[in-house]
Amino acid sequence: MAAPALFRRHFRASGQKPPEATVTGREARLALNKTIIACTSALYCYSDEIFPVTEYMVTSVTERICNMTLIFWTVYHRSLCEAVFLKTNSSEQDRAGLQRDMLEGQDSKLPSSVRNTLLELFGQIEREFENLYIENLELRREIDTLNERLAAEGQTIDGAELSKGQLKTKASHSTSQLSQKLKTTYKASTSKIVSSFKTTTSRAICQLVKEYVGHRDGIWDVSVAKTQPVVLGTASADHTALLWSIETGKCLVKYVGHVGSVNSIKFHPTEQVALTASGDQTAHIWRYIVQLPTPQPTADCNQMSGEDEVEFSDKDEPDGDGDGSSDCPTVRAPLTSLKSHQGVVIAADWLVGGKQAVTASWDRTANLYDVETSELVHSLTGHDQELTHCCTHPTQRLVVTSSRDTTFRLWDFRDPSIHSVNVFQGHTDTVTSAVFTVGDNVVSGSDDRTVKVWDLKNMRSPIATIRTDSAVNRINVCVGQRIIALPHDNRQVRLFDMSGVRLARLPRSNRQGHRRMVCCSAWSEDHPICNLFTCGFDRQAIGWNINIPALLQEK
């Protein structure tokens, strides 16, 4: 049967010997009961967070389930064979009575009602196999009938002797296969040629300028300061946030005030203050003072070449101490800590003016705080599942929150007496981010592999839809040129315009580009060296120079 073969493959992969099937039904039941108790206990402890389930526990429980299920299938298969043998000499009532007598004769502590229910379920399985067998016989008879009709033409279907007509058909089929293979080879060759031209053009327009290496774990978020001096900020799962010199790639400040993963970072619109959200259920506001180092000449990263779509191993990832982030000044305590959430704070942002901040959490709420007093002003409820992102409008008191419930919501705080909310429905999976653009547009990205552009005045349907081949993470829009940067799970970063036209794909080879999932993108339109930044779980952020006029001209 299929199930025993499946579990035998499991044991071959693990290098273990499958258990012998010479056991009684009572032994199988007792062993299966013990396994169910162990699984239930492990799941109960995990769900209540009494202690984490280790890899050893999961492996042990999985192997015991495989062992017991193999024994169970073997015993049941033996019983099923006996039932098939008895089927020709007894009626269905006699068989049911005989099986019930056999079950009652076994030593079991199960109540009779439960045992009868199990027997009925196994009977249903047997009847289902019987129906399939009868259907198979009927189909076989139809095939035989068709073979008789086609015999005059020298053609047969599955089971008849080879004839001249069939040999001719086979020859034609082989020719068709050869033709298809040649077409596929030709298409692949021409695709490589076209791809090489596209890659060359893309590299000329999108150039890698700088790599920012220093985190010890994946980077969730990247942001650019809005005041002088302009610095780059990264938020990482290694519990730290780092500030970088864009020109030199040197770490300037290290924030270590959080005790959980730092999930987002945003800079104050007018001051040298940063806002970070963390898995420790808090958001921190902290001040930084930086002195930019003198830029040093750097090698041209675009001279590096190699084939696209190269697979990487862990040893190819950047070293966590590559740029000596441990040597930079450290900020250990925040100015203010926002503590009203009951779950992971996944994102935070400043409202226009910087006097209020909004946070989004896995407790399904978003909170609006007064920065000066740290008091909770509003708790925004309505999402059915965990929030994934929040974003504020650059010039108006508007907030958009996205969630795993496949929706994103627009919150309006322009009128102090009325706080309206609009719900946007159009995605089929988690909405990973939703961001504002100039005017009355919102762009949303989702795990359903689409990006949608919405008009705030008409929320019934999107005005443009971008379909991709991978889940989309935290997107960002170039406000001046209205270009959307899409970071993907498959390590790619693509650029689209607001109408959904693809403009470029950032180059990625065996020497440059991201090597793991790309988590976030951020534009810095006015910076002369790097105007686009991306970060990912390869523990690095990358600065790119996008030739926007040339990009739009090619469009």
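Residues numbered from 1 in each chain as written. Predicted model: local features only at pLDDT ≥ 70, side-chain atom pairs only at ≥ 80, totals over all residues. Heavy atoms only, no water.

## Description of the pairing of strand 17 (residues 407–415)
Of all nine residues making up strand 17, seven are buried, and the element is well covered by its neighbours. Examined bridge by bridge, strand 16 (residues 398–403) and strand 17 share five bridges and lie antiparallel to one another. Residue V400 lies in a different strand from strand 17, and its bridge partner there is L410. (Buried < 20%, exposed > 50% of the residue type's maximum accessible area, 1.4 Å probe, protein only. Helix = DSSP H or I, 4+ residues; strand = E, 2+ residues; numbered from the N terminus. Pairing = 2+ DSSP bridges.)

## Overview of the side chain of T388
Tracing the chain through its elements places T388 in strand 15 (residues 387–392). A relative accessible area of 13% means that T388 is categorised as buried. Here V431 takes part through its backbone oxygen, which lies 2.5 Å from a polar atom of the side chain of T388. Excluding anything up to four places from it in sequence, T388 contacts I346, S402, S403, R404, T430, V431, T432 and R474. (Polar contact = N/O pair within 3.5 Å; in protein donor to acceptor, adjacent residues only side chain to side chain. Contact = heavy atoms within 4.5 Å.)

## Quick notes on the UniProt feature "repeat: WD" (unreviewed entry) in the protein chain
Using the residue numbers shown here, the UniProt feature "repeat: WD" (unreviewed entry) corresponds to residues 212–254, 255–286, 338–379, 380–421 and 424–464. Within residues 255–286, the helical portion is 0% and the strand portion 53%, while the C-alpha atoms at the span's ends are 8 Å from each other. (UniProt positions renumbered as here; feature names shortened; annotations may be inferred.)

## A look at the sheet that holds strand 12 (residues 356–361)
Ordered in space as 11-12-13-14, the four strands form an open sheet in which the pairing is antiparallel. Pairing within the sheet leaves two strands with one partner each, and these edge strands are strand 11 (345–350) and strand 14 (376–380). Taken pair by pair, the neighbouring strands of this sheet meet at an average axis angle of 20°, ignoring direction. Inspection of the sheet shows strand 12 paired to strand 13 (residues 366–370) by five bridges, in the antiparallel sense. Across the sheet, residue A357 finds its bridge partner in strand 13, namely Y369. (Axes fitted to C-alpha atoms, helices over the stretch in contact; angles between N-to-C directions.)

## A few points about the sheet that holds strand 15
Spatially, the four strands line up as an open sheet ordered 15-16-17-18, and their pairing is antiparallel. Strand pairing shows two members of the sheet lacking a second neighbour, strand 15 and strand 18 (418–425), which therefore form its edges. With direction set aside, neighbouring strand axes in the sheet form an average angle of 20°. Both strand 15 and strand 16 contribute to a ladder of five bridges, which runs antiparallel. Residue H389 lies in a different strand from strand 16, and its bridge partner there is S402.

## A look at unusual backbone geometry
Residues Q228 and P229 are joined by a peptide bond in cis, for which omega reads -5°. Non-glycine residue H239 carries a positive phi angle of around 75°. With respect to the helices, strands and loops of the structure, H239 is situated in the loop between strand 3 (232–236) and strand 4 (241–244). You will see that R364, though not glycine, has its phi angle at about 75°, which is positive. Residue classification places R364 among the partly exposed residues on the basis of a relative accessible area of 42%.

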